[in-house]
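# A structural walkthrough
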Amino acid sequence: EYVKTVFAKVTAYTPGPESCGDSADGRTSIMKNAWRMNGVATDPRAVPYGSLLEIPEIGLKEVDDTGGAMRRSWDLGVYHFDVRFLRPGDARVWGIRWVPVKVYRKKS
């Protein structure tokens, strides 16, 4: 179910130590497998866990993680989505982009 479209900062990370440092344990903040590549991190106060995001050039991703940078952005009223990639090089190629992102709620 479509909820809204937001203009967001979209960054990229990998679940390994190159992005997550010492906290790289292979699990998302809701205890899902972080190596599953269809997830994205954000502040769950901004967009709840389980929501789907349609990100240009990437497609649909499920919110299943969070991080300090996303929480700090939301404290400033900025939507920040961090897309999970398998390889660090792919994450670096994505970089930082500001794009419109469609937010969907899963139907119960």
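See the structure printed just above.
What counts, and at which threshold
- Residues numbered from 1 in each chain as written.
- Predicted model: local features only at pLDDT ≥ 70, side-chain atom pairs only at ≥ 80, totals over all residues.
- Heavy atoms only, no water.
- Helix = DSSP H or I, 4+ residues; strand = E, 2+ residues; numbered from the N terminus.
- Rg over C-alpha atoms; globule rule 2.2 N^0.38 Å.
- Buried < 20%, exposed > 50% of the residue type's maximum accessible area, 1.4 Å probe, protein only.
- Contact = heavy atoms within 4.5 Å.
- Areas by Shrake-Rupley, 256 points an atom, 1.4 Å probe, with all protein chains shown as cover.
- Lys, Arg positive; Asp, Glu negative; His and termini not counted.
- Charge placed at Lys NZ, Arg CZ, Asp CG, Glu CD.
- Pairing = 2+ DSSP bridges.
- Salt bridge = Lys/Arg side-chain N within 4 Å of Asp/Glu carboxyl O.

Attention now moves to the overall build of the chain. Of the regular secondary structure elements, the chain holds three helices and six strands. Going from the N terminus to the C terminus, the chain shows its helices and strands as β-α-β-β-β-α-β-α-β. Its C-alpha atoms give the chain a radius of gyration of 13 Å, near enough to 13 Å, the size a compact globule of 108 residues would have. Taken along its principal axes, the extent of the C-alpha atoms in the chain is 35 × 30 × 25 Å. Looking at the chain as a whole, 42% of its 108 residues qualify as buried. Taking the contacts inside the chain whose residues are at least 6 apart along the sequence as the reference set, 71% of them involve residues at least 24 apart. About 6,000 Å² of surface is accessible on the chain, with carbon and sulfur atoms providing 54% of the total. Of the charged side chains in the chain, 17 are positive and 13 negative; the average position of the first set lies 3 Å away from that of the second.

Let us now look at the pairing of strand β4 (residues 59-65). Taking burial as the measure, the seven residues of β4 include five buried ones, the bulk of the element. With three bridges connecting them, strand β2 (residues 39-41) and β4 associate as parallel partners. Pairing of Ala41 across the sheet is with Asp65, part of β4. As paired elements, strand β3 (residues 52-55) and β4 share four bridges and run antiparallel to each other.

Tallied over the entire structure, the rule returns nine salt bridges. With a shortest N-O distance of 3.0 Å, Asp64 and Arg36 are connected by a salt bridge. Of this pair, Asp64 sits in strand β4 while Arg36 sits in the loop between α1 (17-20) and β2, placing them 28 residues apart in sequence. A relative accessible area of 30% places Arg36 in the partly exposed class. Among the salt bridges present, the one from Asp90 reaches Arg87, with a minimum N-O distance of 2.9 Å. The partly exposed category is assigned to Asp90, whose relative accessible area is 28%. Through salt bridges with shared partners, a single ionic network connects Lys32, Glu62 and Lys106.

This brings us to the environment of Ala91. Within the secondary structure, Ala91 is located in helix α3 (residues 88-94). Spatially, the C-alpha atom of Ala91 lies 9.4 Å from that of Ser19, the residues being 72 residues apart in sequence. Contacts of Ala91, omitting those with residues within four sequence positions, involve Ala12, Tyr13, Thr14 and Phe85.

What follows concerns the environment of Lys61. Assignment of secondary structure puts Lys61 in strand β4. Lys61 gets classed as buried once you look at its relative accessible area, which sits at 13%. For Lys61, the contacting residues outside a window of four places in its chain are Met37, Asn38, Gly39, Val40, Ser51, Leu52, Leu53, Ile55, Val83 and Arg84.

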